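Each chain, letter by letter, is given below.
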Amino acid sequence: VRRNPGEQEFHQAVREVLENLGPVVDKHAAFADTEIIRRLCEPERQIIFRVPWADDEGRPQLNRGFRVEFNSALGPYKGGLRFHPSVYLGIVKFLGFEQIFKNSLTGLPIGGAKGGSDFDPKGRSDAEVMRFCQSFMTELYRHLGEYTDVPAGDTGVGQREIGYLFGQYKRITNRYESGVLTGKGLNWGGSRVRTEATGYGLVFFVDEILKAADASFDGMTVVVSGSGNVAVHAVQKVHQLGGRVVACSDSNGFVVDEDGIDLELLREIKEERRGRMTDYAEARGDKARYVEGESIWSVPCDVALPCATQNELDEDGARRLADHGCRVVAEGANMPTTPEAIRVLRDAGVSFAPGKAANAGGVATSALEMQQNASRDTWTFEYTEERLAEIMHSVHDRCLETAEEYGSPGDYVAGANIGGFIRVADAMVALGLV
Ligand code: NDP
């Protein structure tokens, strides 16, 4: 805490991992005798830079850009960019730290990183977003490369932003280096299923949890927070598997739609109109209820999928979920559940899947995009989705087997932290702890 003052979210993420590492250090002398844990918590490189740009009125604007290259023991740095006014170093470091373990758990050759800016794309024109992205990349390009660091999207960074970033990279370097960014459009080097991957992967992961308890999504009631990329595709896959999503939200409020969220309408409002949940409620008339100033976790459900932002599910929310008989909580967002809420869920016997395992499908499919770029190949939707499902299956099993081996059977948090740690730590030792 003294070394990284004020970086609250980073402290929270590190604490959660360290709490689980006791049994590993006891068992593996090589990890205990080295500075490996201290080194894991120290990013290999942190870049902070000025992003000057001009708005549509020609007024000068200024934002701050970040890229934290945390760990490259397993492969090139890999992790998304977030554009949101709340972004500061503590957020980028928490996300980058989590990313190391998540990427390790996928079994793919990717290191951990994260980046972004305090730029707020909300209410900005396409031209403003484009100028911002061009200025951001004008600094960042020198740190990237298909073998060095490969960013993707995250909150506030979708295909539009990736396009502007990639265009500027191409222009500055004079290289059509497809493997330098993931989340690209299909006709300029993107992969099928990447857009859907985090939400789909999350639901595949929950499906594995349900199967392990001899259950399935069929007939289950589900609540999904958020209405962005992860949330929308989680809703879609839940419906495909026979469940019913009855509520979703944005940062102002949530809608309850007992017939099940109308996915086509939701997508039209969010993706085409860039609208709000109020627009959804209005379009649904009597069928949906819009609620503001209350927690979405008050809506009864069998499965809860927080897919919006960090620390959105607190102790009170967790208690309500448990009281209503919720059976599974799985994180689509990064660290949406507070430590107190996790304790409540655990005590109530609710299965809890942490983001570093449950939302790993996004980065895993980014790695599949890199594979396609490297071989100049494009895979079909069906084949790519199958690969994603296999990866989520193996992440699930790795968590359970590791939890069992280290004395915490059924504990997905311990399984994810320990499983992710061992692969990275082994590689760090082999590479001479650099
Ligand atoms: P989007 O920008 O597409 O959507 C974010 C959603 O969360 C929006 O509905 C937004 O509402 C809501 N939201 C954002 N901030 C808040 C807040 N402070 N309170 C309540 N709601 C909020 O982002 P993604 O769907 O891509 O990402 C969502 C989460 O998933 C993030 O934690 C991200 O790190 C994580 N994630 C994303 C991956 C990906 O592939 N995209 C991969 C792995 C994890 P509003 O419009 O009102 O801001």
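Residues numbered from 1 in each chain as written. Predicted model: local features only at pLDDT ≥ 70, side-chain atom pairs only at ≥ 80, totals over all residues.

## Let's talk about the overall build of the protein
Along its length, the protein carries 17 helices and twelve strands. By the compact-globule yardstick of 22 Å for 434 residues, the protein fits well, its C-alpha radius of gyration being 21 Å. The principal-axis extents of the C-alpha atoms in the protein amount to approximately 60 × 55 × 45 Å. A burial count over the protein gives 52% of its 434 residues as buried. (Helix = DSSP H or I, 4+ residues; strand = E, 2+ residues; numbered from the N terminus. Rg over C-alpha atoms; globule rule 2.2 N^0.38 Å. Buried ≥ 20, exposed ≤ 12 C-beta atoms within 10 Å, placed from the backbone.)

## Side note on the site of the ligand
In the vicinity of the ligand, 23 residues are found, and the nearest of them are Gly228, Asp250, Ser251, Ala333 and Gly362. Considering only residue class, the shell around the ligand consists of five nonpolar, 15 polar and three charged. (Near = placed C-beta within 6 Å. Nonpolar A, V, L, I, M, F, W, Y, C, P; charged D, E, K, R; others polar.)

## Describing the environment of Lys170
Of note, Lys170 is situated in helix H7 (residues 159-173). Since 18 C-beta atoms lie within 10 Å of it, Lys170 is described here as partly exposed. Sequence separation of Lys170 and Gly75 is 95 residues, and the distance between their C-alpha atoms is 23 Å. Among all residues touching Lys170, those that are not within four sequence positions of it are Arg175 and Tyr176. (Contact = placed C-beta atoms within 7 Å.)

## Some remarks on the sheet that holds strand E11 (residues 328-330)
Across the sheet, seven strands lie side by side as E9-E8-E7-E6-E10-E11-E12; this open sheet has mixed pairing. At either margin of the open sheet sits one strand with a lone partner, and together these are strand E9 (288-292) and strand E12 (351-353). Neighbour to neighbour, the strand axes of the sheet diverge by 15 degrees on average, direction disregarded. Here strand E7 (residues 244-249) pairs with strand E8 (residues 253-257) via three bridges, running antiparallel. If you follow Ala247 over to E8, its bridge partner there is Val256. (Pairing = 2+ DSSP bridges. Axes fitted to C-alpha atoms, helices over the stretch in contact; angles between N-to-C directions.)

## A look at the domain arrangement of the protein
In many reports, interface size means the accessible area that the parts give up when they come together. Domain annotation for the protein reports domain 1 (41-190) and domain 2 (195-358). A straight line from the C-alpha centre of domain 1 to that of domain 2 covers 27 Å. Contact with domain 1, which involves eight residues of that partner, is made by seven residues of domain 2. For the side of domain 1 that touches domain 2, a count of residues per class yields four nonpolar, two polar and two charged. (Domains from an automatic or database assignment.)

## Examining the nonpolar core
One broad trend across soluble globular proteins is that nonpolar side chains are buried collectively. Within the largest apolar cluster, 127 residues are counted, with the highest numbers of intra-cluster contacts made by Phe205, Val206, Val224, Ala234, Val235 and Ala357. Both domain 1 (41-190) and domain 2 (195-358) contribute no fewer than three residues apiece to this core. In contact with Val206, other than residues within four places in its own chain, are Val303, Val328, Ala330 and Ala353. (Core = buried A, V, L, I, M, F, W, Y, C linked by C-beta atoms within 7 Å.)

## Here's the deal with H7
The end-to-end C-alpha separation of H7 is 21 Å, in line with the 21 Å expected for 15 residues at 1.5 Å each. If you follow the buried residues of H7, they end up packed against strand E3 (77-83) and helix H6 (126-140). Positive backbone phi, approximately 60 degrees, marks Asn174, located one or two places after H7. (Expected span 1.5 Å × (residues − 1).)

## Here's the deal with the packing of helix H8 (residues 194-212) against helix H9 (residues 229-240)
Axis separation between H8 and H9 bottoms out at 7 Å; the angle between their running directions is 55 degrees. Considering their axes alone, H8 and H9 lie oblique with respect to each other. Helix-helix and strand crossings are classified by hand; for H8 and H9 the assignment is right-handed. Seen from H8, the contacting residues are Thr195, Glu196, Thr198, Gly199, Tyr200, Leu202 and Val203; seen from H9, they are Asn229, Val230, Ala231, Val232, His233, Ala234, Gln236, Lys237 and Val238. When grouped by side-chain class, the residues that make up the contact of H8 with H9 number eight nonpolar, six polar and two charged. (Parallel < 35°, antiparallel > 145°, perpendicular 65-115°, else oblique. Left-handed = near helix turned anticlockwise from the far one by under 90°.)

## So, the sheet that holds strand E1 (residues 45-54)
The strand order across the open sheet formed by five strands is E1-E2-E4-E3-E5, and the pairing between neighbours is mixed. A single partner strand is all that each edge strand has here, and the edge strands are E1 and strand E5 (149-152). Averaged over all adjacent pairs, the angle separating strand axes in this sheet is 20 degrees, with direction ignored. Taken together, the four bridges between E3 and E5 define a ladder with parallel strand orientation. Among the inter-strand pairings, Tyr77 is bridged to a residue of E5, identified as Asp149.

## Quick word on unusual backbone geometry
In this structure, Asn311 takes a positive phi of about 55 degrees despite not being glycine. Positive phi is not limited to glycine here, since Met335 has a value of about 55 degrees. Of note, Met335 is situated in the loop between E11 and helix H13 (339-347).

## Some thoughts on the pairing of E8
Counting the residues that bridge the hairpin from E7 to E8 gives three residues. Here five bridges tie E8 to E9, and the two strands are oriented antiparallel to one another. Following the sheet pairing, Val255 is matched in E9 by Tyr290.

## A look at the environment of Gly407
Within the secondary structure, Gly407 is located in the loop between helix H16 (381-405) and helix H17 (412-430). Residue Gly407 is classed as exposed on the basis of its C-beta count, with 10 C-beta atoms lying within 10 Å. With 384 residues separating them along the chain, Gly407 and Pro23 place their C-alpha atoms 8.1 Å apart.

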